[in-house]
Amino acid sequence: MSDPQTTAPYAPPALDAATARARLADLTVVDVRTPAEYASGHLPGALNIPLDALRDALPDLREAASRSDVLLVCASGNRSATACGFLAGHGVDAATLVGGTKAWAGAGYEVQRPESGAREVWGMERQVRFAAGSLVLVGLGLGRLAHPALRLLSAGVASGLVYSAVTDTCGMALLLGKLPHNRPRGAGLDATLTRLRER
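Residues numbered from 1 in each chain as written. Predicted model: local features only at pLDDT ≥ 70, side-chain atom pairs only at ≥ 80, totals over all residues. Heavy atoms only, no water.

**A closer look at helix α6 (residues 124–145)**
Operational definition: Secondary structure counts use DSSP, requiring at least four H or I residues in a row for a helix and at least two E residues in a row for a strand, with both numbered from the N terminus. One fewer than the residue count of a helix, multiplied by 1.5 Å, yields its expected span. Here's how the labels work: a residue is buried when its accessible area is under 20% of the maximum for its type, exposed when over 50%, partly exposed in between, all with a 1.4 Å probe on protein chains only. Picture the helix axis, draw a direction to every C-beta atom, and the arc is the one those directions span. For this analysis, residues touch if any pair of their heavy atoms sits within 4.5 Å.
Here α6 is 22 residues long and its end C-alpha atoms lie 31 Å apart, about the 32 Å a rise of 1.5 Å per residue gives. For α6, every residue scored as buried is listed here: M124, Q127, V128, A131, A132, G139 and G143. Viewed along the axis of α6, the buried residues span an arc of 125°, placing them on a single side of the element. The exposed residues of α6 that point more than 90 degrees off its buried face are R129, F130, L137, R144 and L145. In this structure, the buried side of α6 is in contact with α2 (35–39), α4 (78–89), α7 (152–167) and α8 (171–176).

**Observations regarding the environment of L193**
Considering the arrangement of structural elements, one finds L193 in helix α9 (residues 189–197). Looking at L193, the relative accessible area reads 5%, which means it is buried. The sequence separation of L193 and D56 amounts to 137 residues, and the corresponding C-alpha distance is 9.8 Å.

**A few points about the environment of D31**
Worth spelling out the cut-off: Polar contact criterion, stated in full: a pair of N or O atoms within 3.5 Å, where within protein one must be able to donate a hydrogen and the other to accept it, and residues adjacent in sequence count only if both atoms are side-chain atoms.
With respect to the element layout, D31 can be found in strand β2 (residues 27–31). Separated by 70 residues in the primary sequence, D31 and T101 have C-alpha atoms spaced 9.2 Å apart. Sequence-distant contacts of D31, that is, excluding residues within four places in its chain, are made with Y38, H42, A46, L47, N48, I49, P50, V73, C74 and T101. A polar atom in the side chain of D31 sits 2.7 Å from the side chain of R33.

**Here's the deal with the side chain of N48**
With respect to the helices and strands, N48 occurs in strand β3 (residues 47–48). Polar side-chain contacts of N48 include one of 3.0 Å to the backbone oxygen of D31. A distance of 2.9 Å separates a polar atom in the side chain of N48 from the backbone oxygen of R33. Every residue in contact with N48, bar those within four places of it in the chain, is listed here: D31, R33, T34, P35, Y38 and T192.

**Quick notes on a nonpolar patch on the surface**
Applicable threshold: Patch definition: residues with relative accessible area over 30% and no salt bridge; like charges joined within 9 Å; nonpolar side chains (Val, Leu, Ile, Met, Phe, Trp, Tyr) joined within 5 Å. Calculation of accessible area relied on Shrake-Rupley with a 1.4 Å probe; when residues are assessed, cover is drawn exclusively from the protein chains displayed. By definition here, a salt bridge exists when the distance from a side-chain nitrogen of Lys or Arg to a carboxyl oxygen of Asp or Glu is within 4 Å.
Together, L135, V138, L142, L150 and L153 make up an exposed nonpolar region whose accessible area comes to about 370 Å². By the element assignment, L135 lies in helix α6.

**So, the pairing of strand β4 (residues 69–73)**
Definition in use: What makes two strands pair is DSSP finding at least two bridges between them.
The element β4 is largely enclosed, with a buried count of 4 among its 5 residues. Note that β2 and β4 share 5 bridges and pair parallel. Across the sheet, the residue bridging to V29 is L71, located in β4. The pairing of β4 with strand β5 (residues 95–97) spans 2 bridges and is classified as parallel. Bridge assignment links L71 to a residue of β5, and that residue is A95.

**Quick word on the packing of helix α3 (residues 54–67) against α4**
Selection rule: Here an angle of 0 to 180 degrees is reported between the N-to-C directions of two axes, which are lines fitted to C-alpha atoms, with helices fitted over the stretch in contact. Oblique is the label for every angle not falling under 35 degrees (roughly parallel), over 145 degrees (roughly antiparallel), or within 65 to 115 degrees (roughly perpendicular). In this scheme the crossing of two helices becomes right-handed for a clockwise turn of the near helix relative to the far one and left-handed for an anticlockwise turn of less than a right angle. Think of it as three bins: nonpolar holds Ala, Val, Leu, Ile, Met, Phe, Trp, Tyr, Cys and Pro, charged holds Asp, Glu, Lys and Arg, and polar takes everything else, Gly as well.
Between α3 and α4, whose axes approach to 11 Å, the crossing angle comes to 60°. Judged on the interaxial angle alone, α4 and α3 are oblique. Every pair of crossing elements has a handedness; the one defined by α3 and α4 is right-handed. Between α3 and α4, the residues in contact are L54, R55, L58 and L61 and A83, F86 and L87, respectively. Each residue belonging to the contact of α3 with α4 can be placed in one class, and the counts come to 6 nonpolar, no polar and 1 charged.

Set out below in structure tokens:
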């Protein structure tokens, strides 16, 4: 039995953009970003199942993985790698796209966007940086103007960022993903899962 402290972290199978493009017709592509990020541009044919909805989609993803290889995608590859680890823990094999949609678009490959009505939304990493920076500034300002103890808000945010980096998770991103601007009208997990079942 291996010592859990010496066990290497899970490294999901990974495809680079060129390999993913060559195999696109044979893959079930699942974009794990928020619906708003997905609407700002995604791989052709990708289905949107946000990271926080994977548990609900698990039976359908397991069935999809039995029919074809599953490729998980996000903006940079971090969330999709996390999603791969979650699925692997539940017996579902999936690969991640190295560099995410940024690498895909950077290679000059097609990115699908809705015909009209979708507004441009910042990527989740940018939203997290903005929220964290704003909270730090508010904490420092309140600490100077109201009471020095309010600077603890800034310290709390800094601690959260360090924890996020060490654990490679981001609670702030999960919270921001639930805000209305990240959940545009018409985004429905049920409709997506129906499309996944019909593939």
